[in-house]
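Per-entry structural report
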Amino acid sequence: MDAFTAGILQRIRNTESDLLRARESGDDFLAEVEQSELEDLRRLAAEHGVEVGAPTC
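Attention in this report is confined to the structure presented alongside it. (Residues numbered from 1 in each chain as written. Predicted model: local features only at pLDDT ≥ 70, side-chain atom pairs only at ≥ 80, totals over all residues. Heavy atoms only, no water.)

Some thoughts on a nonpolar patch on the surface
Taken together, the side chains of F29, L30 and V33 make up a nonpolar region of the molecular surface, amounting to roughly 290 Å² of accessible area. Mapped onto the elements, F29 comes out in helix α2 (residues 28-47). (Patch = residues over 30% accessible without salt bridge, like charges linked within 9 Å, V, L, I, M, F, W, Y side chains within 5 Å. Areas by Shrake-Rupley, 256 points an atom, 1.4 Å probe, with all protein chains shown as cover. Salt bridge = Lys/Arg side-chain N within 4 Å of Asp/Glu carboxyl O. Helix = DSSP H or I, 4+ residues; strand = E, 2+ residues; numbered from the N terminus.)

And the structure:
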């Protein structure tokens, strides 16, 4: 696995975790920000042929 793939997958995992915490805490604004970030990261991964598993959030 190259550095780009490892990095994007780690960022996706971190963002999913942050999104879950935002939802659990009831912070709707932060959840929306994290959701947007997650969508951007997944799009970027797809554009570069990085396979990402099913969303956990």
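Okay, back to it.
Things to note about α2
When the terminal C-alpha atoms of α2 are compared, their 29 Å separation across 20 residues agrees well with the 28 Å that a helix rising 1.5 Å per residue should span. Turning to α2, its buried residues number three or more, namely A31, E34, L38, L41 and A45. All buried residues of α2 lie within an arc of 90 degrees about the axis, which places them on one face of the element. Among the exposed residues of α2, those oriented more than 90 degrees off its buried face are D28, F29, E32 and E47. Close packing links the buried residues of α2 with α1 (3-25). (Expected span 1.5 Å × (residues − 1). Buried < 20%, exposed > 50% of the residue type's maximum accessible area, 1.4 Å probe, protein only. Arc of directions from axis to C-beta. Contact = heavy atoms within 4.5 Å.)

Examining the pattern of salt bridges
Using the criterion set out here, one finds 4 salt bridges in the structure. Salt-bridge contacts for R11 lead to E37; the nearest nitrogen and oxygen are separated by 3.1 Å. Here R11 is found in helix α1, whereas its partner E37 is found in helix α2, with 26 residues between them in sequence. Put simply, E47 and R43 hold a salt bridge, and the shortest N to O gap is 3.1 Å. Of the two residues, E47 and R43 both sit in helix α2, 4 residues apart, roughly one turn of that helix.

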